[in-house]
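Listed here are the chains, written in short residue letters.
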Amino acid sequence: MKPLTRLALLGVLAGCAHSTQTVPMVQAPLLENENARGVMSGALLADAAGKDGDTLYMVGATVVADGLPVRLPPRFAGVRRGGTASVTGVTLEITPYLAWGEMEYHWAPAAGGTPAYGRATFVMERAGGSWRIKHLHTSSLRR
């Protein structure tokens, strides 16, 4: 088959494969929701375990805890290295490129001490196919 004939045949086949039907909008899949929630809870658990967690944050992310800028872990208000952290509630909104959510959490020290309760607000951006924290603001809750 001549190269020009092959090219013409390929053009005809490509034209037949094109659909004029529009694709309907759908809600974010459950997996997308779980991925974003995983970033939120992963950041909290990394803080409580005394781990870095930097892979969950965008380069240049802003973090504020109890009204003060924070650059190094622990980043969550009331959380200190060691102890156990748990998520007690999450709300989340997702668009194709941004996600934002609110999370309530509890931190209990490993040996004695006062537990902490807090609320975190996240803004996340999709980067390289994954969600990354662009902004995190946390506040201690008085109980």
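Residues numbered from 1 in each chain as written. Predicted model: local features only at pLDDT ≥ 70, side-chain atom pairs only at ≥ 80, totals over all residues. Heavy atoms only, no water.

Novice: What's the story with the overall build of the protein in this structure? I'm lost.
Specialist: When helices and strands are counted, the protein shows 2 helices and 6 strands. When the helices and strands of the protein are listed from N to C terminus, the series reads α-α-β-β-β-β-β-β. Out of the 143 residues belonging to the protein, those deemed buried represent 27%. Contacts in the protein between residues at least 24 apart in sequence constitute 54% of all its contacts with a sequence separation of at least 6. With the model as given, the accessible surface of the protein reaches about 9300 Å², and the carbon-plus-sulfur share is 61%. (Helix = DSSP H or I, 4+ residues; strand = E, 2+ residues; numbered from the N terminus. Buried < 20%, exposed > 50% of the residue type's maximum accessible area, 1.4 Å probe, protein only. Contact = heavy atoms within 4.5 Å. Areas by Shrake-Rupley, 256 points an atom, 1.4 Å probe, with all protein chains shown as cover.)

Novice: What should I look at first to understand helix H2 (residues 30-48) in this one?
Specialist: Every α-helix winds through 3.6 residues per turn, so residues three or four apart in the chain are directed the same way. In a regular helix each residue adds 1.5 Å, so 19 residues correspond to 27 Å; H2 covers 27 Å between its end C-alpha atoms and thus fits that length. Buried within H2 are the following residues: Glu32, Ala36, Val39, Met40, Ala43, Leu44, Ala46, Asp47 and Ala48. (Expected span 1.5 Å × (residues − 1).)

Novice: Is there a simple way to think about the sheet that holds strand E5 (residues 116-127) in this case?
Specialist: What the 6 strands build is an open sheet, ordered E2-E1-E6-E5-E4-E3; its pairing is mixed. Each having just a single partner strand, strand E2 (68-69) and strand E3 (84-94) make up the two edges of the open sheet. As paired strands, strand E4 (residues 98-108) and E5 are joined by 10 bridges and run antiparallel to one another. Directly across from histidine 106, in E5, lies its bridge partner tyrosine 117. Packed onto the sheet, H2 meets strand E1 (57-65), E3, E4, E5 and strand E6 (130-141) and runs at close to 150° relative to E3. (Pairing = 2+ DSSP bridges. Axes fitted to C-alpha atoms, helices over the stretch in contact; angles between N-to-C directions.)

Novice: Mind showing me how you'd approach the packing of aromatic side chains here?
Specialist: We describe a pair of aromatic rings using the distance from one ring centre to the other and the angle between the two ring planes. Enumeration over the complete set of coordinates arrives at 2 aromatic pairs. Consider the rings of phenylalanine 76 and tyrosine 105, whose centres lie 5.4 Å apart with planes at 90°: the pair is edge-to-face. Placement of phenylalanine 76 in the loop between E2 and E3 and of tyrosine 105 in strand E4 is noted, with a sequence separation of 29 residues between them. Residue classification places phenylalanine 76 among the buried positions, given a relative accessible area of 2%. Their ring planes at 50° and their centres at 6.2 Å tell us that phenylalanine 76 and phenylalanine 122 sit as a pair that is tilted. Of this pair, phenylalanine 76 sits in the loop between E2 and E3 while phenylalanine 122 is found in strand E5, placing the two residues 46 residues apart along the sequence. Like phenylalanine 76, the residue phenylalanine 122 is buried in the burial classification. (Phe/Tyr/Trp six-rings, centres within 6.5 Å; stacked < 30°, edge-to-face > 60°.)

Novice: Got a minute to help me understand the pairing of E5 in this structure?
Specialist: Of the strand pairs in this sheet, E5 and E6 are connected by 11 bridges, and their pairing is antiparallel. Bridging from a neighbouring strand, phenylalanine 122 pairs with leucine 136 of E6. What sits between E5 and E6 in their antiparallel hairpin is a turn of 2 residues, with glycine 128 showing a positive phi close to 60°.

Novice: Just to check I follow, could you spell out the nonpolar core for this structure?
Specialist: The tendency in soluble globular proteins is for nonpolar side chains to be buried side by side. Of all hydrophobic cores here, the largest spans 27 residues; its most connected members are Tyr57, Phe76, Tyr105, Phe122, Met124, Ile133 and Leu136. Elements that contribute at least two residues to this core include exactly H2, E1, E3, E4, E5 and E6. A per-element tally of this core places H2 first, with 6 residues. Apart from the residues lying within four places of it in its own chain, the contact partners of isoleucine 133 are Val39, Ala43, Leu56, Tyr57, Met58, Ala61, Phe122, Val123 and Met124. (Core = buried A, V, L, I, M, F, W, Y, C linked by side-chain atoms within 4.5 Å.)

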